[in-house]
Amino acid sequence: MNSPAHDIQLDSQGKLRHFLSVETLNREILTQILDTAENFAGINDKAIKKVPLLRGKTVANLFFENSTRTRTTFELAAKRLSADVLNVSMSTSSTKKGETLLDTLRNLEAMQCDMFVVRHQDSGAAHFIAQHVAPHINVINAGDGRHAHPTQAMLDMFTIRHYKGDFSKLRVAVVGDIAHSRVARSQLHALRTLGTKEIRVAGPKTLIPSELDHLGVKVYTDFDSALDGVDVVIMLRLQTERMKGALLPSADEYYARYGLTTERLKLAAPDAIVMHPGPTNRGIEIEGLVADGPQSVILQQVTFGIAVRMAVMSLAISSTEISQAQGKFA
Amino acid sequence: MTTIEPDIVRTWLTKMATRLKTVLADDLDDCMMVGIHSGGVVVARELHQMLGLKDPLGELNISFYRDDFSRIGLHPTVGASNLPGPVDGRTVVLVDDVIYSGRTIRAAMNEIFDYGRPARIILAVLVERDGHELPIRADVIGDAMDLHTGQVVKLQAGDLSLQISEHPDQSGEPA
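Just so it is clear, the model here is predicted, and its values are computed rather than measured.

What counts, and where the lines are drawn
- Throughout this document, residue positions are counted from 1 along each chain, in the order its sequence is written.
- For this description, chains carry letters from A and ligands carry numbers from 1, given in the order in which they are written.
- In keeping with the model being predicted, local features are shown solely for residues with a pLDDT of at least 70 and side-chain atom pairs are shown and tallied solely at 80 or more, while totals for entire chains, interfaces and linings include all residues.
- Think of the side-chain values as coming from all heavy atoms in the structure, minus any hydrogens and water.
- The split of the chain into domains comes from an automatic or database domain assignment.
- Two residues qualify as a contact provided that any one of their heavy atoms is within 4.5 Å of a heavy atom in the partner residue.
- Defined in terms of a 1.4 Å probe, buried area is the accessible area two parts forfeit on being brought together, summed over both.
- Salt-bridge detection follows one rule: a side-chain nitrogen of Lys or Arg within 4 Å of a carboxyl oxygen of Asp or Glu.
- By the criterion applied in these results, polar contacts are pairs of N or O atoms within 3.5 Å in which, for protein atoms, one can donate a hydrogen and the other can accept it, and in which residues neighboring in sequence qualify only through two side-chain atoms.
- Where helices and strands are cited, they refer to DSSP runs of H or I of at least four residues and of E of at least two residues respectively, numbered from the N terminus.
- A pocket, in this scheme, is an open set of points on a 1 Å grid over the protein atoms alone with protein on both sides within 12 Å along at least 5 of 7 lines, while a cavity is a set where a 1.4 Å probe fits but cannot get out; residues line either one if an atom lies within 4 Å of a point.
- Grid points are joined across faces, edges and corners, and a volume is the space filled by probe spheres set on the points.
- Strands pair, by our definition, only if DSSP identifies at least two bridges between them.
- To obtain each axis, a line is fitted to C-alpha atoms, and for helices this fit is confined to the stretch in contact; angles are then taken between N-to-C directions over 0 to 180 degrees.
- Each residue after the first adds 1.5 Å to the expected span of a helix.
- Buried residues are those whose accessible area, probed at 1.4 Å on protein chains only, stays under 20% of the maximum for their type, while exposed residues exceed 50% and partly exposed ones sit between those limits.
- Any two rings among Phe, Tyr and Trp, with Trp reduced to its six-membered ring, count as a pair given centres within 6.5 Å; such a pair is stacked if its planes are under 30 degrees apart, edge-to-face if over 60, and tilted if neither.
- Note on residue categories: nonpolar means Ala, Val, Leu, Ile, Met, Phe, Trp, Tyr, Cys or Pro, charged means Asp, Glu, Lys or Arg, and polar means any other residue, Gly included.

1. Some words on the domain arrangement of chain A
How big an interface is tends to be stated in terms of the accessible area lost upon association of its parts.
Residue and element names in this part refer to chain A.
Here comes step 1: The assigned domain composition of chain A is domain 1 (4–148 + 303–328) and domain 2 (150–300).
Here comes step 2: Counting residues at the interface gives 35 residues for domain 1 and 27 residues for domain 2.
Here comes step 3: Of the roughly 2600 Å² buried at the junction of domain 1 and domain 2 (both faces included), carbon and sulfur atoms supply 62%.
Here comes step 4: It is Leu 34, Arg 146 and Phe 304 that lose the most area in domain 1 upon contact with domain 2, and together they represent 28% of the buried surface on that side.
Here comes step 5: At the surface where domain 1 touches domain 2, the tally comes to four salt bridges.
Here comes step 6: The residue Arg 161 makes a salt bridge to Asp 35 at a minimum N-O spacing of 3.0 Å.
Here comes step 7: Our count for the contact surface shared by domain 1 and domain 2 stands at 12 residue pairs in polar contact (both at pLDDT 80 or more).
Here comes step 8: Among the secondary structure elements, those contributing two or more residues to the side of domain 1 that touches domain 2 are α1 (27–41), α2 (68–80), β3 (115–120), β4 (138–144) and α11 (298–325).

2. Considering empty space enclosed by the protein
Here comes step 1: Within this structure, the stated rule accounts for three cavities of 30 Å³ or more.
Here comes step 2: Considering only enclosed or pocket space, the largest cavity measures out at about 110 Å³ in volume.
Here comes step 3: Lining the largest cavity are 14 residues, and of these A:Asn39, A:Ile43, B:Phe64, B:Ser81 and B:Glu111 lie nearest its centre.
Here comes step 4: Counting only elements with at least two residues in the lining of the largest cavity, the list comes to α1 of chain A together with α4 (103–115) of chain B.

3. Here's the deal with the sheet that holds strand β1 (residues 58–63) of chain A
The strands making up a sheet associate through hydrogen bonds between their backbones, and the pairing can be parallel or antiparallel.
Residue and element names in this part refer to chain A.
Here comes step 1: One open sheet holds the four strands; their spatial order is β2-β1-β3-β4, and the pairing between them is parallel. Lying at the two open borders of the sheet, with one neighbouring strand each, are β2 (84–89) and β4. When strand polarity is set aside, the average angle formed by the axes of neighbouring strands in this sheet is 15 degrees.
Here comes step 2: As paired elements, β1 and β2 share six bridges and run parallel to each other. Pairing of Phe 63 across the sheet is with Ser 89, part of β2.
Here comes step 3: Sheet contacts for α2: β1, β2, β3 and β4; angle to β1, the most-contacted strand, approximately 175 degrees.
Here comes step 4: Contacts from helix α3 (residues 101–110) reach β1, β2 and β3 within the one sheet, and its direction differs from that of β3 by about 150 degrees.

4. Comments concerning helix α6 (residues 182–193) of chain A
All names here are of chain A.
Here comes step 1: Taking 1.5 Å per residue as the helical rise, α6 with its 12 residues ought to reach 16 Å, and the 17 Å between its terminal C-alpha atoms agrees with that figure.
Here comes step 2: Counted residue by residue, α6 has 10 buried out of 12 residues, so it is predominantly covered.
Here comes step 3: Taking the backbone nitrogen of Val 183 as reference, a side-chain oxygen 3.3 Å away marks Ser 181 as the first, capping residue of α6.
Here comes step 4: At the C-terminal side of α6, Gly 195 shows a positive phi close to 85 degrees.

5. Some details on the packing of aromatic side chains
Here comes step 1: A full pass over the atoms with the stated rule returns five aromatic pairs over all chains.
Here comes step 2: Here A:Phe40 and B:Phe64 contribute two aromatic rings whose centre-to-centre distance is 4.0 Å and whose plane-to-plane angle is 15 degrees, an arrangement assigned as stacked. Linking A:Phe40 in helix α1 with B:Phe64 in the loop between β3 (58–60) and α3 (69–72), this pair reaches from one chain into another. Across the pair, exposure class does not vary: A:Phe40 and B:Phe64 are buried alike.

6. Some points on the interface of chain B and chain A
Here comes step 1: Each side of the interface is counted separately: chain B has 17 residues, and chain A has 19 residues.
Here comes step 2: Taking both partners together, chain B and chain A bury about 1500 Å²; carbon and sulfur atoms supply 65% of that area.
Here comes step 3: Area buried by chain B at its contact with chain A is led by B:Phe64, B:Phe69 and B:Asp114, which between them contribute 42% of it.
Here comes step 4: The shortest N-O distance in the salt bridge between B:Glu111 and A:Lys46 comes to 3.9 Å.
Here comes step 5: At the boundary of chain B with chain A, the tally comes to six residue pairs in polar contact (both at pLDDT 80 or more).
Here comes step 6: Mapped by element, the contributors of at least two residues to the side of chain B that touches chain A are α3 and α4 of chain B.
Here comes step 7: Here the side of chain B that touches chain A is composed, by residue class, of nine nonpolar, five polar and three charged.

Structure, rendered in structure tokens:
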């Protein structure tokens, strides 16, 4: 590899070992994740929605921050791969009693876990854990602070590819609180790496970070112009707690300027799809009729999320299996 | 490298079709034929046409069911399986190009049972070679070959010829 600093996410063969952020991954790896997920999506046709691939492996969900949807889809993904799953709610565990994070990790390693799925309120937490785990353990980032939420981004890419096909022909708008959204950051990187024709972001000036220019993204503060002719509209959840901090006007005013209504959606391409990572705030960033409407693929995103997480988990464990078989950790 | 001409392969296929008619008897019209990706699908396509089966051909990609994940990781040619309908109570004709260790067939049967409970499974393979590692035998074969461990048999999808070559990596085990 040409890059001087080795990417901790990849093993010496360039295969995915940890999945922490889409930023440094190339198109080949992102496409491999999408293709593998495509094959797992067929599992829903079977009476027994399981494959024996990860039988005997143990996946520990380490959620330092609550998230029902992400945790349950990771849990289902692991179970459909026949892995055993431990759900460790870190907010109520020994970390509260003063055990350090590294002690917690060592204990989970001693319990013969094979993979950690980490959700944390601090940016960089999953990277930190990946740097400190035993070599046979894989780490998947399930959301860290404002930094990244790579599996959410990949399930969004999967959804876009499923409904719209080739990224090089697509105009995609990401709308809302870009500045505080790890989902948006990961999406923008993935969209760019996959060669999206035009990426637009829209939202109040106070919620759009300045570094977006590097990503080749067009910034709009006027939602209507951002929607003009787009093929995909991705709405972000407005974190209502931000409104307390003067970054935002009232919810009503936000809805008037940035809420996706039936009327507004007509500005997009007639066959545009509407996406949202959930949970949706109806009447704040999206009208109920749009969220439930014919162009909405919000629930399909949830279904695809399981296949995408199965793909990421099996690819990561696959790379470790190969290394172990070759005696690399001996 | 030895090549077995398509004409010979076709006579094997004809023999298999005739034999399948006998084995299937009354179930012929109602059976579901399933080829194992990728060589088995080629053989199954021919048999499916010769027998004039009603139901579309099914395909199995057994990558997620292989027993060598802990040794070689995820198979590079993973793909989705696609069966034409429910397998419950049906007679399934499972088709592959070569049976060797029997591990592929075991994985394929495990996958079929995740779709439902077939009434019976009949195994048809073009080439049976020595080297069984499991108590699995084909019901219908095109030809039996006596090959040594280092040899590889491969069906050419384009013209239905069969190539027997020396495997460059002698450590390779039955597939």
